[in-house]
Amino acid sequence: TWKLPYSVLFPTLALNTVGLTVEETAKAMDLARSVGITHVDFHPGAERDGVALYLKEYPRQGLFLTTKIRKPKPGTSPADAAQLCQDQIRDDLVALNLESVDMLMLRDSPDCAVMQAQYKVLEDALAAGQCRSIGIINYCRSSLECLLETAKIKPAVHYFLLHPGMTPDPLGLRSFGESRGIRTFA
């Protein structure tokens, strides 16, 4: 079976708005789009609100929007972590005035049951059309193994730090994930 190349499904270069204010995020999106960058990777809060501000003035068409689920505080129960995840997805979509984003990404947790409960929420969001894909951020191998024990849908991507000086396969994360059909985004 022939599949579309990965770069057609997910842009290969992204604007990451980490640490920007509302106004800085909107301006960065405008500049990025003017040079052809269509993937915007943002966090909840001011950055999300900057994306919302940009979307009030410019069409979403052609943009690939990725947001991340906040990590629950240590000691949060799996049920409470799942509820926080559901609430954030709802709140983000309302703030953005959108029915869906392109990707929801889940951060790791020291608690396997919390990761599994939150990931189930992402799977439900995917089934409900609130996103087009789901992924994970900065998982070690044991966290990924934990998640895959109960996941019904494999993460589309694993987003982690990769820079010059590291091997092409740091700690075997790239080969481990990709052997299970999970692409690396770094």
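Every value quoted in this text rests on a predicted model; they were computed, and no experiment measured them.

1. Comments concerning the overall build of the chain
Move 1: Across its full length, the chain holds 7 helices and 7 strands.
Move 2: Ordered by position in the sequence, the α and β elements of the chain form the string α-β-α-β-α-β-α-β-α-β-α-β-α-β.
Move 3: Computed over its C-alpha atoms, the radius of gyration of the chain comes to 16 Å, within 12% of the 16 Å expected for a compact globule of 186 residues.
Move 4: In the chain, buried positions account for 46% of the 186 residues.
Move 5: Roughly 9,800 Å² of accessible area belongs to the chain as shown, and the carbon and sulfur atoms make up 56% of that amount.
Move 6: Charge-centre separation for the chain: the mean point of 20 positive side chains lies 4 Å from the mean point of 21 negative side chains.

2. Overview of helix α2 (residues 22–34)
Move 1: Along its 13 residues, α2 runs 19 Å from first to last C-alpha, staying within 8% of the 18 Å computed at 1.5 Å per residue.
Move 2: All of the buried residues in α2 are Thr25, Ala26, Ala28, Met29 and Ala32. End-on view of α2: buried residues confined to an arc of 160 degrees, all on one side of the axis. For α2, the exposed residues set more than 90 degrees away from the buried face come down to Glu23, Lys27, Leu31 and Ser34.
Move 3: Next to the buried residues of α2 lie β1 (14–16), β2 (39–42) and α3 (46–57).
Move 4: Where α2 terminates, the next one or two residues include glycine 36, which has phi positive at roughly 95 degrees.

3. Notes on the nonpolar core
Move 1: Judged by nonpolar contacts, the single largest core of 39 residues is most densely connected at Leu65, Ile89 and Leu104.
Move 2: When residues in this core are grouped by element, the largest group, 6 residues, is from helix α5 (residues 112–127).
Move 3: With residues up to four places along the chain from it excluded, the contact list for isoleucine 89 reads Ile69, Leu104, Val121, Leu122, Ala125 and Gln130.

4. A closer look at unusual backbone geometry
Move 1: Even without glycine at this site, asparagine 97 takes up a positive phi of about 60 degrees.
Move 2: Using a relative accessible area of 68% as the deciding quantity, one classes asparagine 97 as exposed.
Move 3: Unusually for a residue other than glycine, asparagine 138 sits at a positive phi of about 55 degrees.
Move 4: Secondary-structure assignment places asparagine 138 in the loop between β5 (131–137) and α6 (141–150).

5. Some points on the state of the cysteines
Move 1: A full pass over the atoms with the stated rule returns 1 disulfide.
Move 2: A sulfur-sulfur distance of 1.8 Å marks the disulfide that ties cysteine 112 to cysteine 146. On the sign convention where negative means left-handed, the S-S torsion of about 100 degrees between cysteine 112 and cysteine 146 marks this disulfide as right-handed. A residue pair is termed long-range when its members are at least 10 positions apart, and cysteine 112 in helix α5 and cysteine 146 in helix α6 qualify at 34 residues.
Move 3: Counting only cysteine sulfurs, cysteine 131 is the nearest neighbor of cysteine 85, a cysteine outside any disulfide, at a range of 9.9 Å.

Calculation criteria
Residues numbered from 1 in each chain as written. Predicted model: local features only at pLDDT ≥ 70, side-chain atom pairs only at ≥ 80, totals over all residues. Heavy atoms only, no water. Helix = DSSP H or I, 4+ residues; strand = E, 2+ residues; numbered from the N terminus. Rg over C-alpha atoms; globule rule 2.2 N^0.38 Å. Buried < 20%, exposed > 50% of the residue type's maximum accessible area, 1.4 Å probe, protein only. Areas by Shrake-Rupley, 256 points an atom, 1.4 Å probe, with all protein chains shown as cover. Lys, Arg positive; Asp, Glu negative; His and termini not counted. Charge placed at Lys NZ, Arg CZ, Asp CG, Glu CD. Expected span 1.5 Å × (residues − 1). Arc of directions from axis to C-beta. Contact = heavy atoms within 4.5 Å. Core = buried A, V, L, I, M, F, W, Y, C linked by side-chain atoms within 4.5 Å. Disulfide = S-S within 2.5 Å.

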